[in-house]
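Close look at the chain arrangement
Residues per chain are reported as follows:
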Amino acid sequence: MSASLSPLLTPATPVVVDHGAGSYVYDADGRSWLDFTTGIGVTSTGHCHPAVVAAAREQVGKLIHGQFTTVRHNPILRLTEMLGDVLPTGLDSVFYANSGSEAVEASLRLARMATGRNNIIAFQGGFHGRTFAAATLTTAGTKFRTGFGALVPGVYSAPFPYALRYGWDEETAVDFALQELDFLLSTTSAVVDTAAFIIEPVLGDGGYLPTPLRFLQGLRERADQHGIVLIVDEVQTGVGRTGTFWGHEPSGIVPDILITAKGIASGFPISAIAASTSLMSKAWPGSQGGTYGGNAVSCAAAIATLGVVESEGLVQNSAAQGERLIAGLREAAASVSTIADVRGRGLMIGIEFTDPDGTPRPDLAAGSQQAAIDEGLLLLTCGTRGNVVRFIPPLIVTSEQVDEGVAAWSKAVAAAGA
Ligand code: PMP
């Protein structure tokens, strides 16, 4: 009998990767692509960074699995110590899981246990994962939440300040979204029933839309006023992706729970939530956990990743190369009437295609993403309307590689007839 991969796993490109090194992936014939997908924001130190490879190799020979509710091991202790240096002040207690979705689930359970309240408010276009509760929070597209029956009760979606969709300026969109949130709290999900708000600092799969800083501040104010837990989902935005260590930093707020995954371990599966010890203590020991959370090899890879981020100045590189990339993409977009917006923070940049009257053009997003493959550039699309191309280079990207990406992209846009 021969078996094949499930059609559930239809990939965005036909590329069969043999190996990766730095900013590039290669097929078995040696053809290379500049990888501006980084496995959806994961391989931030580049493919197979020597320091990460060495740390993982060394750990594999020492201890692979040390089940964290059974024993402690050095990598989990050391990683937690290192996170203490980068986490926002006060978030001094860390819980580990394997994926972004699992960490999201953990944050919801913690918020419910801490408040004794049921409801969670997420924001339209948000993406928080595929498990049942995480999918319930996810409104980046119906495909993520349709056809598999009842979702988790007590979850509401409030408007996100997506100015371009409404044809408004950002301030108007923020005022509207905050007003609608207050309306939801006074009509639908009473404060006494509302456990948490959950928000991404930049909407990821929902369209690479930076969350306006005033909106994050408005959420913090309301959370403080009403005793609601503010969860910031940094699964995609964390660890330097947006040009600051955490995506929420420029807003000046401190979340109650921060979720991290993806870029923290260069491709090894690990995720974490961080909160104050007093908040974390509201959950009973054993009420959360799992067999593999905080795996020793993943922890060793995360320690090496954090070391590389620090020693190679990758947060600063993300900010600097992000500016170069967005400037190059804006210049390339200037003559394309169907590009409505080139936006982003750091190395998390989205290009939105619409007709001049605002009609979304998902065909041009998909067409240019596909044409880029022939130009040696891997990209992904995203967006609630499927009309955004996203650029997620590794944080080690050089100026030459940024310029190479922009040149390849310009050719792809022309080839797609945009
Ligand atoms: N939250 C955010 C913001 C994400 O971008 C993702 C993944 N795209 C997730 C949660 C889910 O993470 P995972 O796929 O590891 O479960």
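Residues numbered from 1 in each chain as written. Predicted model: local features only at pLDDT ≥ 70, side-chain atom pairs only at ≥ 80, totals over all residues. Heavy atoms only, no water.

For the chain, the name recorded in an unreviewed UniProt entry is (S)-3-amino-2-methylpropionate transaminase, with Aeromicrobium fastidiosum as its organism. What UniProt records for the chain under Pathway (unreviewed entry) is the sentence "Amino-acid degradation; 4-aminobutanoate degradation." Listed in UniProt under the heading Sequence similarities (unreviewed entry), the comment for the chain reads: "Belongs to the class-III pyridoxal-phosphate-dependent aminotransferase family." (UniProt positions renumbered as here; feature names shortened; annotations may be inferred.)

**Examining the sheet that holds strand β16 (residues 380-382)**
Strand order in this open sheet of four strands is β13-β14-β17-β16, and the pairing throughout is antiparallel. Looking at which strands have only one partner, the edges of the open sheet turn out to be β13 (339-345) and β16. Sheet twist, expressed as the average angle between the axes of neighbouring strands with direction ignored, equals 25°. Looking at chain direction, strand β14 (residues 348-353) and strand β17 (residues 388-391) are connected through four bridges and run antiparallel. Among the inter-strand pairings, I349 is bridged to a residue of β17, identified as F391. (Pairing = 2+ DSSP bridges. Helix = DSSP H or I, 4+ residues; strand = E, 2+ residues; numbered from the N terminus. Axes fitted to C-alpha atoms, helices over the stretch in contact; angles between N-to-C directions.)

**Observations concerning the sheet that holds strand β1 (residues 19-21)**
Whether parallel or antiparallel, the strands of a sheet pair through hydrogen bonds between backbone atoms. Pairing within the open sheet is mixed, and its four strands lie in the order β1-β2-β3-β15. Every interior strand has two partners, whereas the edge strands, β1 and β15 (377-378), have only one.

**Topic: the nonpolar core**
L79, Y96, L325, L329, F391 and W409 are the most contacted members of the largest nonpolar core, which has 60 residues in total. The element that contributes the greatest number of residues to this core is helix α10 (residues 296-311), accounting for eight residues. Here L329 is in contact with V342, I349, I351, F391, V406 and W409, once residues within four sequence places are set aside. Membership of the second largest hydrophobic core comes to 28 residues, among which are A111, I120, A196 and I198. (Core = buried A, V, L, I, M, F, W, Y, C linked by side-chain atoms within 4.5 Å. Buried < 20%, exposed > 50% of the residue type's maximum accessible area, 1.4 Å probe, protein only. Contact = heavy atoms within 4.5 Å.)

**Quick notes on the packing of helix α2 (residues 50-60) against α10**
Relative to each other, α2 and α10 sit at 155°, their axes nearing to 8 Å. Of the possible angle classes, the one that applies to α2 and α10 is roughly antiparallel. Helix-helix and strand crossings are classified by hand; for α2 and α10 the assignment is right-handed. Across the interface between the two elements, A51, V52, A55, A56, Q59 and V60 from α2 touch A296, V297, A300, A301, A304, T305 and V308 from α10. (Parallel < 35°, antiparallel > 145°, perpendicular 65-115°, else oblique. Left-handed = near helix turned anticlockwise from the far one by under 90°.)

**Thoughts on the packing of aromatic side chains**
Here the structure, examined in full by the defined rule, presents 11 aromatic pairs. When the centroid spacing of 4.9 Å and the interplanar angle of 75° are considered together, the rings of F245 and W246 count as edge-to-face. Grouping residues by exposure puts F245 and W246 together as buried. (Phe/Tyr/Trp six-rings, centres within 6.5 Å; stacked < 30°, edge-to-face > 60°.)

**A few points about the pairing of strand β6 (residues 155-158)**
Pairing of strand β5 (residues 119-123) with β6 involves four bridges; the strand directions are parallel. Across the sheet, the residue bridging to I121 is Y156, located in β6. Following the backbone out of β5, through helix α5 (residues 132-137) and into the adjacent parallel β6, one traces a crossover that is right-handed. (Right-handed = clockwise from strand over helix to strand, strands pointing away.)

**A few points about the site of the ligand**
Looking at the ligand, the residues that line it are S99, G100, S101, F127, H128, G129, E200, D205, D233, V235, Q236 and K262. S101 places a side-chain nitrogen or oxygen 2.6 Å from an oxygen atom of the ligand. Alone, the ligand offers 390 Å² of accessible surface; in the complex the protein occludes 83% of this. For the shell around the ligand, a count of residues per class yields two nonpolar, six polar and four charged. (Near = heavy atom within 4 Å. Polar contact = N/O pair within 3.5 Å; in protein donor to acceptor, adjacent residues only side chain to side chain. Areas by Shrake-Rupley, 256 points an atom, 1.4 Å probe, with all protein chains shown as cover. Nonpolar A, V, L, I, M, F, W, Y, C, P; charged D, E, K, R; others polar.)

**What about the environment of S6?**
By the element assignment, S6 lies in the segment before β1. Between the C-alpha atom of S6 and that of G206, which follows or precedes it by 200 residues, the distance is 25 Å. Within the local environment of S6, its side chain forms a polar contact with the backbone nitrogen of L8, the two atoms lying 2.9 Å apart.

**Considering the packing of helix α12 (residues 362-374) against helix α13 (residues 399-415)**
Contact geometry of α12 with α13 gives a least axis separation of 8 Å together with a crossing angle of 125°. With respect to α13, the element α12 is oriented oblique. At the point where α12 passes α13, the crossing takes the right-handed sense. Between α12, through S368, A371 and A372, and α13, the contact on the second element is made entirely by W409, A412, V413 and A415. Classifying every residue of the contact of α12 with α13 by side-chain character gives six nonpolar, one polar and no charged.

**Let's talk about α12**
Taking 1.5 Å of rise per residue, 13 residues should cover 18 Å, and α12 covers 19 Å from first to last C-alpha, within 8% of that figure. By the burial criterion, the buried members of α12 are L364, A365, S368, Q369, A371, A372 and I373. On its buried face, α12 is in contact with β3 (32-35), β14, β15, β16, β17 and α13. (Expected span 1.5 Å × (residues − 1).)

**Quick notes on the side chain of Q59**
For Q59, the location among the structural elements is in helix α2. Residue classification places Q59 among the buried residues on the basis of a relative accessible area of 9%. Setting aside residues no more than four positions away along its own chain, Q59 makes contact with I64, P75, A296, V297 and A300.

**Focus on the pattern of salt bridges**
Under the counting rule described, the total for this entry stands at 14 salt bridges. Across the pair R324 and D403 runs a salt bridge whose closest N-O atoms are separated by 2.7 Å. Separated by 79 residues along the polypeptide, R324 in helix α11 (residues 314-333) and D403 in helix α13 bring together distant segments of the chain. On the basis of relative accessible area, R324 is assigned to the partly exposed category, the value being 37%. Overall, the relative accessible area of 36% leaves D403 in the partly exposed class. As a salt-bridge pair, R361 and D355 come within 2.9 Å of each other at their nearest N and O atoms. Given the relative accessible area of 22%, D355 is considered partly exposed. Here the residues in one salt-bridge network are D341, R343, E352 and R385, joined through shared partners. (Salt bridge = Lys/Arg side-chain N within 4 Å of Asp/Glu carboxyl O.)

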